[in-house]
Amino acid sequence: MTETLAATVLGLVEGATEFLPVSSTGHLILVGHLIGFTGEKADCFDVVIQLGAILAVVVLYWKRFWWLVSPKPLHAFSGIRGLWLLFLTSLPAGILGFLAHKTIKAHLFGPVTVAMALAVGALMIFWVESRKARDRFYTLDEVTPGLALGIGCFQCLALWPGFSRSAATIMGGMLLGAKRGLAAEYSFIGSVPLMCAATLYDFYKNRALFSSDDLTILGIGFAVSFLSALVAVKTFIVLIKHVSLRPFAWYRLALAAAVFLFWPKDML
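First, a word on scope: everything that follows refers to the structure included in this document. As the structure is a prediction and not an experimental result, all values here were calculated from the model. (Residues numbered from 1 in each chain as written. Predicted model: local features only at pLDDT ≥ 70, side-chain atom pairs only at ≥ 80, totals over all residues. Heavy atoms only, no water.)

Concerning the side chain of S225
Here's step 1: Mapped onto the elements of the fold, S225 is located in helix α11 (residues 215–240).
Here's step 2: A distance of 3.2 Å separates the side chain of S225 from the backbone nitrogen of A53, its partner in a polar contact.
Here's step 3: Excluding residues within four positions of it along the chain, S225 makes contact with G11, E14, G15, I49, G52 and A53. (Helix = DSSP H or I, 4+ residues; strand = E, 2+ residues; numbered from the N terminus. Polar contact = N/O pair within 3.5 Å; in protein donor to acceptor, adjacent residues only side chain to side chain. Contact = heavy atoms within 4.5 Å.)

Considerations on unusual backbone geometry
Here's step 1: Phi at S23 takes a positive value of approximately 80 degrees, unusual for a residue other than glycine.
Here's step 2: With respect to the helices and strands, S23 occurs in the loop between α1 (3–17) and α2 (24–34).
Here's step 3: Located in the positive-phi region is S164, a residue other than glycine, with phi close to 95 degrees.
Here's step 4: Positionally, S164 belongs in the loop between α8 (145–155) and α9 (165–175).

Regarding the environment of T235
Here's step 1: Here T235 is to be found in helix α11.
Here's step 2: On the basis of relative accessible area, T235 is assigned to the partly exposed category, the value being 40%.
Here's step 3: Taking C-alpha positions, T235 is 10.0 Å from L20, a pair spaced 215 residues apart along the chain. (Buried < 20%, exposed > 50% of the residue type's maximum accessible area, 1.4 Å probe, protein only.)

Concerning the pattern of salt bridges
Here's step 1: Tallied over the full model, the rule gives three salt bridges.
Here's step 2: Here D141 ties to R64 by a salt bridge, and the two come within 3.1 Å at their closest N and O atoms. Of the two residues, D141 sits in the loop between α7 (111–130) and α8 while R64 sits in helix α5 (residues 62–69), which places them 77 residues apart along the sequence.
Here's step 3: E129 is paired through a salt bridge with R180; the nearest N and O atoms lie 2.8 Å apart. Highlighted residues: E129 in helix α7 and R180 in helix α10 (residues 180–205), separated in sequence by 51 residues.
Here's step 4: R180 gets classed as partly exposed once you look at its relative accessible area, which sits at 23%. (Salt bridge = Lys/Arg side-chain N within 4 Å of Asp/Glu carboxyl O.)

Okay, structure coming up:
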């Protein structure tokens, strides 16, 4: 497979899965192994193209992000308060990710660990969805500092590739009293600061791996990721209002089982 085609495939996978509770990183690791796109450069590429998916969220929720710098008096999630909430959500995983960055890259970026995370996350989804809902928060403007920090703590689970940042934050929000739709919406918006920081940090540390010739490949992955994320986020927002997270849990279990049963032994 050519690098151009690989970048297109990985960009499509990234954008389609980044904001679904199925783990984009896990899918990128699995697909990368299947198409032979692995190594330090590939790992960094996977992180960098996340910026495309992040930009899709900024575009879709541009009013909310604009209100962070141009506060709306009738909207509590705006201005300094909104920025403070996003900071609280980003803080736990930001600290833990910075401290454990090398360990995570060295030991958790493989098919087996991804399959394990997919399965564990699926079981947690079933558990969360089986509980009787105790919704206390319904809109972004009702998000409190405690809820923001609590969701941030759950976001630490996403440092295990395959668990899914989206799944961790949505489930965390639901457990803490957020309605499923709000938990999903805040998961999208709350991901932007941490993902931007992680992406830029990873690219800065590994910038020597890339040459000017690689900019085209990065650009393709970025653009495809952006476009596919636009579609995925819009679709998911509609779905989550009518269905639970259980279908995604069944998909995760099926994918984990497929890895354990059919993955080439020499690639594990």
